[in-house]
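Single-letter residue listing:
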Amino acid sequence: MFSLLYDIILGLISLISFPRFILRYRKNPLFKQALKQKLGLNFPKFAKDTKVIWVHAISMGEVKAVVKLVDELKAHYSDHEILVSTATLTGHEEAKKWIKAASHVVFLPIDISFIIKRVMNQIHPSLVILVESDFCYQFMKEAKREGASIVLVNGKLSEKSQMGYRLLPGFSKILFRWIDLYLLQSIDYVDRFLTLGIPEEKILTTGNLKLDNEPKIISPEDKQSLIEKLKLKKKTIIFGSTHQGEESLALDACEALFNDSPDVKVIIVPRHPERFDAVAEMIQKRNIPFYRYSQKEPIKDEQLILVDTMGILGSLYQVSDIAVVCGSFTEHVGGHNIIEPLVFKVPVLFGPHMHKQPEFTLLVTRYQAGIQVKANKLTNELQRLLQDEEACLQLGVQGLKLVNENRGATQKTAFEISNFFCEKRLVKK
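In this text, all values refer to a predicted model and were calculated from it rather than measured experimentally.

Trainee: Can you help me understand the packing of helix α11 (residues 246–260) against helix α15 (residues 378–387) in this one?
Mentor: Relative placement of two packed helices is described by the angle separating their axes and the distance separating the axes. At a minimum axis distance of 9 Å, the contact between α11 and α15 shows a crossing angle of 40 degrees. Our classification of the angle between α11 and α15 gives oblique. In this structure, α11 meets α15 at a crossing whose hand is right-handed. Here L249, D252, A253, A256, L257 and D260 of α11 lie close against α15, whose contacting residues are L378, T379, L382, Q383 and L386. Residues belonging to the contact of α11 with α15 are distributed by class as follows: 7 nonpolar, 2 polar and 2 charged.

Listed below in structure tokens is the structure:
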């Protein structure tokens, strides 16, 4: 009865959101593949005796977190096929680009029983790894029917999600019973999972996988080429992973900074490619001269650069002097990875809404490696840092110290998976 009710509710939600999905992504080259696979079509087929590890990473951030872990799993279980699924187009592109150990990269089907059953009958996973906080009832139930073990890695649970699950204790009990092992980012999340009735013996703290991300360091030649392409000067500020509403904040800062400092360059990198044109239109309405990264014509004297190309944020952090990591000035997002620029000793500013990344906020605050600032104080803080090179240098030093002292989660996670799921549990019955 519960399964049927779940299917009906999720089916209605899917029907309501379907037109929006088409409007947002119909021009994307991955659209047809995403649509078919969300409906359970065009999936790879494995023989029943094939051993398969299925890793589900919902979006770009989760994909980045497990790149090294998937490599470790492939090295340890070389006779297994590894299938990686994502729920978003950006996550899919990131997985195809970086997770070389994966045999297949697919889109997670809609979590409706008959769709999931069809897919599970083709995949027959031995082990399912969920990344962070994407819990799909039918997906987990059908994986268990196939005899799979399920482990959560880099696990976390926001305060808001915890409250929601506690309001529905019956649903929570059914949902979380499928997971065999919870490997959490930090001790801050242990109590939250315990309050949902999860046995303490299933929970371990292994650290945050995102802190193990190896930076894709560009060569000195490529770095210089990027600096010359964008005519970057000594003072470059990057607004990374902006969402709706945050570009306005960045443009407010631009108008003040450009008046005070004609040598300042500002780079805006929207999080989602479908918003590139909307952001360009917004800048035009402000009458601020700007350069689009994809333009064939060389940059002139524009102080503002709109990056309308995916996959180069990490490179741009390496040629910036100050990073404003967005997604943190809008409550509905709740923050992104504020650690990424610290690897390059770039000072980080971020907003007040970090409820989805509390462990990063605590770390950065503890190490004094970044500055959390309200939206109405952001411009003043940027102006102060532009004038205080010593403060920027100290933030950069502390940031790198934070990264170096908190690595090792990948090895701990891989060890616990191997320790818990010995070879006989991964052999097909």
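On we go.
Trainee: Is there a simple way to think about the pairing of strand β2 (residues 81–86) in this case?
Mentor: Looking along a regular strand, one sees side chains alternate from face to face of the sheet. Burial within β2 is extensive, with 5 of its 6 residues counted as buried. Looking at chain direction, strand β1 (residues 52–56) and β2 are connected through 5 bridges and run parallel. Paired with V52 across the bridge in β2 is E81. Handedness of the crossover joining β1 and β2 through helix α3 (residues 60–76): right-handed. Pairing analysis gives 4 bridges linking β2 to strand β3 (residues 104–107), with the strands arranged parallel. Of the residues in β3, the one forming a bridge with V84 is V105. The parallel pair β2 and β3 is bridged by helix α4 (residues 89–98), and the resulting crossover is right-handed.

Trainee: So what exactly am I meant to see when it comes to the pattern of salt bridges here?
Mentor: Side chains that differ in charge, positive against negative, can pair when their charged atoms come close. If you walk through the whole model with that rule in mind, you get 13 salt bridges. The partner of R275 in a salt bridge is E247, and the shortest N-O contact between them spans 2.7 Å. Linking R275 in the loop between β9 (265–270) and α12 (276–285) with E247 in helix α11, this pair joins segments that are 28 residues apart in sequence. The pair R275 / E247 is uniform in exposure class, with both members buried. When the shortest N-O distance is used, the salt bridge between E381 and R384 registers 2.5 Å. Linking E381 with R384, this pair stays in helix α15, spanning 3 residues, or about one helical turn. The buried category is assigned to E381, whose relative accessible area is 16%. Assessed through its relative accessible area of 38%, R384 is described here as partly exposed. One network of salt bridges, in which partners are shared, links E132, K156 and K210.

Trainee: What am I meant to see in the layout of surface pockets here?
Mentor: The method is simple in principle: a probe with the dimensions of a water molecule rolls over the atoms, and the space it marks as empty is what remains. As a volume, the second largest pocket reaches approximately 430 Å³. The wall of the second largest pocket is formed by 22 residues, among which K234, S320, D321, P347 and C392 lie closest to the centre. Listing elements by their share of the lining of the second largest pocket, those giving two or more residues are α10 (220–230), α15 and α16 (389–405). For the lining of the second largest pocket, the element with the highest residue contribution is α16, accounting for 5 residues. Residue composition of the lining of the second largest pocket, by class: 12 nonpolar, 4 polar and 6 charged.

Calculation criteria
Residues numbered from 1 in each chain as written. Predicted model: local features only at pLDDT ≥ 70, side-chain atom pairs only at ≥ 80, totals over all residues. Heavy atoms only, no water. Axes fitted to C-alpha atoms, helices over the stretch in contact; angles between N-to-C directions. Helix = DSSP H or I, 4+ residues; strand = E, 2+ residues; numbered from the N terminus. Parallel < 35°, antiparallel > 145°, perpendicular 65-115°, else oblique. Left-handed = near helix turned anticlockwise from the far one by under 90°. Contact = heavy atoms within 4.5 Å. Nonpolar A, V, L, I, M, F, W, Y, C, P; charged D, E, K, R; others polar. Buried < 20%, exposed > 50% of the residue type's maximum accessible area, 1.4 Å probe, protein only. Pairing = 2+ DSSP bridges. Right-handed = clockwise from strand over helix to strand, strands pointing away. Salt bridge = Lys/Arg side-chain N within 4 Å of Asp/Glu carboxyl O. 1 Å grid on protein atoms, 1.4 Å probe; cavity = no way out; pocket = protein on both sides within 12 Å on 5 of 7 lines; lining within 4 Å. Points joined across faces, edges and corners; volume = space filled by probe spheres on them.

Structural measurements only, silent on function.
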